[in-house]
Amino acid sequence: MSLKDKKIIVGISGGIAAYKTLSLIRLLVSEGAQVRVICTQNALQFVTPLTIETLSQNDLYYDTFGPRQMSTEHVSYADWGDLFIVAPATANIIGKMAHGIADDALSTTLLAFRKQILIAPAMNVNMFENPVVQDNLSLLLNQGMTILDPEYGFLACGTVGKGRMLEPEILLEAIRNSLNSIMELEGKNVLVTAGATVESIDPVRFMSNHSSGKMGISIANVFAVKGAKVTLLLGKSHIHPSNSNITVIKTLSAEEMYKEALRLWKKTDIAILAAAVADYRPVKQSIQKIKKQADTMTLELERTPDILAALGEAKSRKQTLIGFALETDNETANARKKLNEKNADMIVLNSLKDKGAGFDTSTNKVSFITKNKSENFPLKQKEEVARDIVEWVIKRL
Ligand code: PMT
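A brief report on the enclosed structure follows.

Conventions we followed
- Residues numbered from 1 in each chain as written.
- Predicted model: local features only at pLDDT ≥ 70, side-chain atom pairs only at ≥ 80, totals over all residues.
- Heavy atoms only, no water.
- Helix = DSSP H or I, 4+ residues; strand = E, 2+ residues; numbered from the N terminus.
- Rg over C-alpha atoms; globule rule 2.2 N^0.38 Å.
- Buried < 20%, exposed > 50% of the residue type's maximum accessible area, 1.4 Å probe, protein only.
- Areas by Shrake-Rupley, 256 points an atom, 1.4 Å probe, with all protein chains shown as cover.
- Lys, Arg positive; Asp, Glu negative; His and termini not counted.
- Charge placed at Lys NZ, Arg CZ, Asp CG, Glu CD.
- Axes fitted to C-alpha atoms, helices over the stretch in contact; angles between N-to-C directions.
- Parallel < 35°, antiparallel > 145°, perpendicular 65-115°, else oblique.
- Left-handed = near helix turned anticlockwise from the far one by under 90°.
- Contact = heavy atoms within 4.5 Å.
- Nonpolar A, V, L, I, M, F, W, Y, C, P; charged D, E, K, R; others polar.
- Near = heavy atom within 4 Å.
- Polar contact = N/O pair within 3.5 Å; in protein donor to acceptor, adjacent residues only side chain to side chain.
- Patch = residues over 30% accessible without salt bridge, like charges linked within 9 Å, V, L, I, M, F, W, Y side chains within 5 Å.
- Salt bridge = Lys/Arg side-chain N within 4 Å of Asp/Glu carboxyl O.

1. Some words on the overall build of the protein
Here's step 1: On a plain count of helices and strands, the protein comes out with 13 helices and 22 strands.
Here's step 2: In terms of overall size, the protein behaves like a compact globule, its C-alpha atoms giving a radius of gyration of 24 Å where 397 residues would be expected to give roughly 21 Å.
Here's step 3: Taking the principal axes of its C-alpha atoms as reference, the protein extends roughly 75 × 50 × 45 Å.
Here's step 4: Within the protein, buried positions represent 53% of all 397 residues.
Here's step 5: Of the roughly 19,200 Å² of accessible surface on the protein, a fraction of 50% belongs to carbon and sulfur atoms.
Here's step 6: Averaging the locations of the 47 positively and 43 negatively charged side chains of the protein gives two centres separated by 4 Å.

2. Observations regarding the packing of helix α9 (residues 214-225) against helix α13 (residues 382-396)
Here's step 1: Interhelical geometry of α9 versus α13 gives an angle of 50° and a closest axis separation of 8 Å. In this view, α9 runs oblique relative to α13, as classed from their interaxial angle. For the element pair α9 and α13, the recorded crossing hand is right-handed. On α13, the residues that touch Lys-214, Met-215, Ser-218, Ile-219, Val-222 and Phe-223 of α9 are Lys-382, Glu-383, Val-385, Ala-386, Arg-387, Ile-389, Val-390 and Val-393.
Here's step 2: When the residues that make up the contact of α9 with α13 are grouped by side-chain class, the tally is 9 nonpolar, 1 polar and 4 charged.

3. Section: the site of the ligand
Here's step 1: In the vicinity of the ligand, 28 residues are found, and the nearest of them are Ser-211, Ser-212, Lys-338, Asn-350 and Asp-360.
Here's step 2: At 2.7 Å from an oxygen atom of the ligand is found a main-chain nitrogen or oxygen belonging to Leu-273.
Here's step 3: Between the ligand and Ile-307 there is a distance of 3.1 Å, counted from a nitrogen atom to a backbone nitrogen or oxygen.
Here's step 4: Burial of the ligand by the surrounding chains reaches 96%, relative to a free accessible area of 780 Å².
Here's step 5: Mapped by element, the contributors of at least two residues to the shell around the ligand are α9, α11 (307-313) and β17 (320-327).

4. With respect to a nonpolar patch on the surface
Here's step 1: A cluster of nonpolar side chains, namely Tyr-280, Met-297, Leu-299 and Leu-301, defines an oily patch on the protein surface of about 370 Å² accessible area.
Here's step 2: A relative accessible area of 33% places Leu-299 in the partly exposed class.

5. What about the pattern of salt bridges?
Here's step 1: Tallied over the entire structure, the rule returns 24 salt bridges.
Here's step 2: We note a salt bridge from Asp-103 to Lys-96, for which the minimum N-O separation is 2.7 Å.
Here's step 3: Look at Asp-103 and you get exposed, because its relative accessible area is 52%.
Here's step 4: The buried category is assigned to Lys-96, whose relative accessible area is 12%.
Here's step 5: Glu-255 is the partner of Lys-259 in a salt bridge, and the nearest nitrogen-oxygen pair spans 3.9 Å. Taken together, the residues Lys-259 and Glu-255, both in helix α10 (residues 254-265) and 4 residues apart, mark about one turn of the helix.
Here's step 6: You can call Lys-259 exposed: its relative accessible area is 54%.
Here's step 7: Because the salt bridges share partners, they merge into one network encompassing Lys-20, Glu-151, Arg-164 and Glu-167.

Honestly, that's just the spatial picture; any functional story needs more than this.
Rendered as structure tokens:
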């Protein structure tokens, strides 16, 4: 794919690998891309404004209140760019990005940027492996950003380990792939359900489950990054996606999720139902708090509407419908039953028997159950599982 006229923002933070970013800027410009560079004050200890401006053929932005800058420069940069790469990304800028801190030109623009962001970390191996840094990277992954994992090798601090920023040619390829994939699902409307539904018993208590929403939100992120317009019907979850291609509709109960899903289904090309939806809800919801009385109490429950079955029934040949199956026994047989009875095109099966799979983990182990096949995958990060699902959809399309 040609990079001609693509608008790339290169963010440089203060690490020695900044010298390699100069080659990346040169490569991007020689491919015809328009490049604007934003850097931190610390980055200027390693590379000079003159070098950056000469190579990028554009002014450098590094001082939020500098003489050349308007105070809203960060917003106009964010609107301008097609893609943002932060290289090198220090532990400091990663931490700021993960926690919404915006105190300089680079972090402010990153917070205002709502399209594809690539992060190329570079730091000492102990810093990189520090759980705080790893947690921050996970938060950014959850937001749909791409982490370009550093290489193992000789580090500037004299040690050997994982922490070397990827070479400029590899970063260029990652930018190309990322822009390429942006096109793949442009114009497609995708519906994703995620999280746990909540069924009220009284104003104080509810019935719910352990779903964190991570699996479904990862799927929404991957679709959004590939250019699809995603509507996310989100139950209970503390994760908030931020991609501008994702519209979040909070749907707490199974009934609310069902109504929204049916309303949107006609205009949807692809639906992935990853939410853990209650199968039963209390027949009556007490307006007042139920008081303690006898030693036992019985709660009468009734079936909730089955969203997957309803979409399957109304499905046209142009639409793709994927459901999940969370099982504890007879996994494949149960998943295949769901595939047939609910007229789905694929069921993503996860079993609570597999360690690291299912609820509230960062990983999952799934099988794709289709009409004639079942394909087993190893334990992977949920973001990777999401990518596998989206790849399956792209192949089918
Ligand atoms: O959110 P995480 O913590 O990341 O966990 C991910 C997950 C375990 C929730 C996810 O991977 C998963 O398995 N989601 C489906 C859970 C579930 O409800 O499975 P099920 O076998 O009961 O339902 C089968 C399918 O029917 C699912 O697509 C479900 O969304 C759908 N369903 C269920 C009941 C209902 N009333 N309507 C539905 O549409």
